[in-house]
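Analysis of the macromolecular model
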Amino acid sequence: MNARVRLHRIEADPVTLHFSPGYGQRARELGELVAEAHHFLEAWLGVEARTTLSVLRQENWRYLRRAPYGYLHSSPEQSTIFAPARYPPRLVERTRALYDAAPPHLQQRLCSDSADLQAQIDTFYRLVVVHELGHLFIHHLQLALGTHWLTELIANFLATAFFQEARPDLSTCWHAWADIQASLDVPHRSLEAYEQHFDRLDFTNANFYQGRFNQQALHLWQSEGHDLIPALVAQFSLRHDPVLARFQRATPHFDWPDGTTS
């Protein structure tokens, strides 16, 4: 770690907090939601794991992360979610522009008075940490989903399941933003285009896709519920049993000599 980076750390189960000086309270507040979602996903998915939440001010971020400052993201290999100590004004203004571009009836669903919009933006980005936690649990399940679009959709599905089942008080904001995002007029709208332009989409187009993924995640939760994840594990997991079953479908003559998996 660079000598200029001075961070505090609070070890806790299941979420360790890692934060820039002066931002312990923000880390604790975000950490409470991450811990609640973590317990929900652990119990549902049968996975034991640990998560680190790293809350960084800009000068620390630039030494540790390549992503632009302010954009919540995660590192599944490190089991870490990275959040900014403060959302930069440019990100907030771009998010306001998404709201301004939405039809009035969708704006009303989010907040009846535009003066309340800042609070709704703050809440939305707080909820995005659960989406990032979903990415960590995809990794813990060893799901090789193969495409960016499916990985994003399932991370949103895991977040939606938590909001719908454990925190319905938060789901209203989550789904109102999804409908606003999905209403945006953007050039790229297909799954093929998302895969092709994944790392080059502008802010508005990337938000359009996240909105669509969240809409589809809600439909999947309502239609498939808890059964979807076991089905994904059977089809996409890199754990021994699913991998062996897929390989034997390709070449049924393969068999491990002693008939064991160890």
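Everything discussed here concerns the structure shown above.
The text that follows walks through the structure, step by step, so that each part is easy to find. (Residues numbered from 1 in each chain as written. Predicted model: local features only at pLDDT ≥ 70, side-chain atom pairs only at ≥ 80, totals over all residues. Heavy atoms only, no water.)

**Observations concerning the sheet that holds strand S1 (residues 8-10)**
Note the cut-off: A pair of strands is treated as paired once DSSP finds two or more bridges between them. What counts as a helix is a DSSP run of H or I of at least four residues, what counts as a strand is a run of E of at least two, and both are numbered from the N terminus. Between N-to-C directions, angles cover 0 to 180 degrees, with each direction set by a line fitted to C-alpha atoms, over the stretch in contact for helices. Whether two residues are in contact is decided by their heavy atoms, any of which lying within 4.5 Å being enough.
If you walk across this open sheet you meet the five strands as S1-S2-S3-S5-S4, and the pairing is mixed. Edge positions in the sheet fall to S1 and strand S4 (73-75), since each has one partner strand and no second. For this sheet, the mean angle separating the axes of adjacent strands, direction not counted, is 20°. Here S4 pairs with strand S5 (residues 80-84) via three bridges, running antiparallel. By the bridge assignment for S5, Ser 75 is matched with Thr 80. The strands that helix H1 (residues 24-45) touches are S1, strand S2 (15-19), strand S3 (51-56) and S5; relative to S3, the one it contacts most, it runs at about 150°.

**Remarks on the state of the cysteines**
For clarity, the cut-off: For this text, the term disulfide refers to a pair of cysteine sulfurs within 2.5 Å. Only protein chains enter the accessibility calculation, which uses a 1.4 Å probe; a residue whose area is less than 20% of its type maximum is buried, one above 50% is exposed, and one in between is partly exposed.
Under the definition given, this model contains zero disulfides. Residue Cys 111 stays outside any disulfide, its sulfur separated by 9.2 Å from that of Cys 173, the closest cysteine. Residue classification places Cys 111 among the buried residues on the basis of a relative accessible area of 5%. Since its relative accessible area comes to 9%, Cys 173 is described here as buried.

**Comments concerning helix H6 (residues 148-165)**
Stated formally: Helix span, as expected, comes to 1.5 Å for every residue beyond the first.
With 18 residues, H6 should cover 26 Å at 1.5 Å per step; its first-to-last C-alpha distance of 26 Å lies within 8% of that length. Within H6, 13 of the 18 residues are buried, leaving the element largely enclosed by the surrounding structure.

**Some details on the pairing of S2**
To be explicit about the condition: Handedness of a crossover: with both strands directed away from the viewer, a clockwise path from the first strand across the helix to the second marks it as right-handed.
By the criterion of burial, S2 is predominantly enclosed, with five of the five residues buried. Side chains Val 15, Leu 17 and Phe 19 project from S2 onto one buried face, and the interleaved Thr 16 and His 18 project onto a second face that is buried too. Relative to S2, S1 runs antiparallel, the two being bridged by three bridges. Along S2, the bridge assignment pairs Ile 10 with Leu 17. Hairpin connection, S1 to S2: the antiparallel pair is bridged by four residues. With five bridges joining them, S2 and S3 adopt parallel strand pairing. Residue His 18 lies in a different strand from S3, and its bridge partner there is Ser 54. Read from S2 through H1 to S3, the crossover connection turns out left-handed.

**What to know about the layout of surface pockets**
Rules: With a 1 Å grid spanning the protein atoms alone, the term cavity applies to any set of points in which a 1.4 Å probe fits but cannot get out, the term pocket to an open set with protein on both sides within 12 Å along at least five of seven lines, and the term lining residue to any residue with an atom within 4 Å of a point. Grid points are joined across faces, edges and corners, and a volume is the space filled by probe spheres set on the points. When residues are grouped by polarity, Ala, Val, Leu, Ile, Met, Phe, Trp, Tyr, Cys and Pro land in nonpolar, Asp, Glu, Lys and Arg in charged, and all others, Gly among them, in polar.
By volume, the largest pocket amounts to about 1,200 Å³. Lining the largest pocket are 37 residues, and of these Tyr 71, Leu 72, Glu 132, Ala 206 and Gln 210 lie nearest its centre. Residue assignment for the lining of the largest pocket shows that the elements contributing at least two residues are S4, helix H3 (89-101), helix H5 (117-140), H6, helix H7 (168-182) and helix H9 (203-224). Of the residues belonging to the lining of the largest pocket, the class tally is 16 nonpolar, twelve polar and nine charged. The calculated volume of the second largest pocket comes to roughly 180 Å³. Lining the second largest pocket are Ser 74, Pro 76, Glu 77, His 135, Ile 138, His 139, Leu 143, Ala 144, Leu 145 and Thr 151. The greatest single-element share of the lining of the second largest pocket, amounting to three residues, is contributed by H5. Within the lining of the second largest pocket, the residues separate by chemical class into five nonpolar, four polar and one charged.

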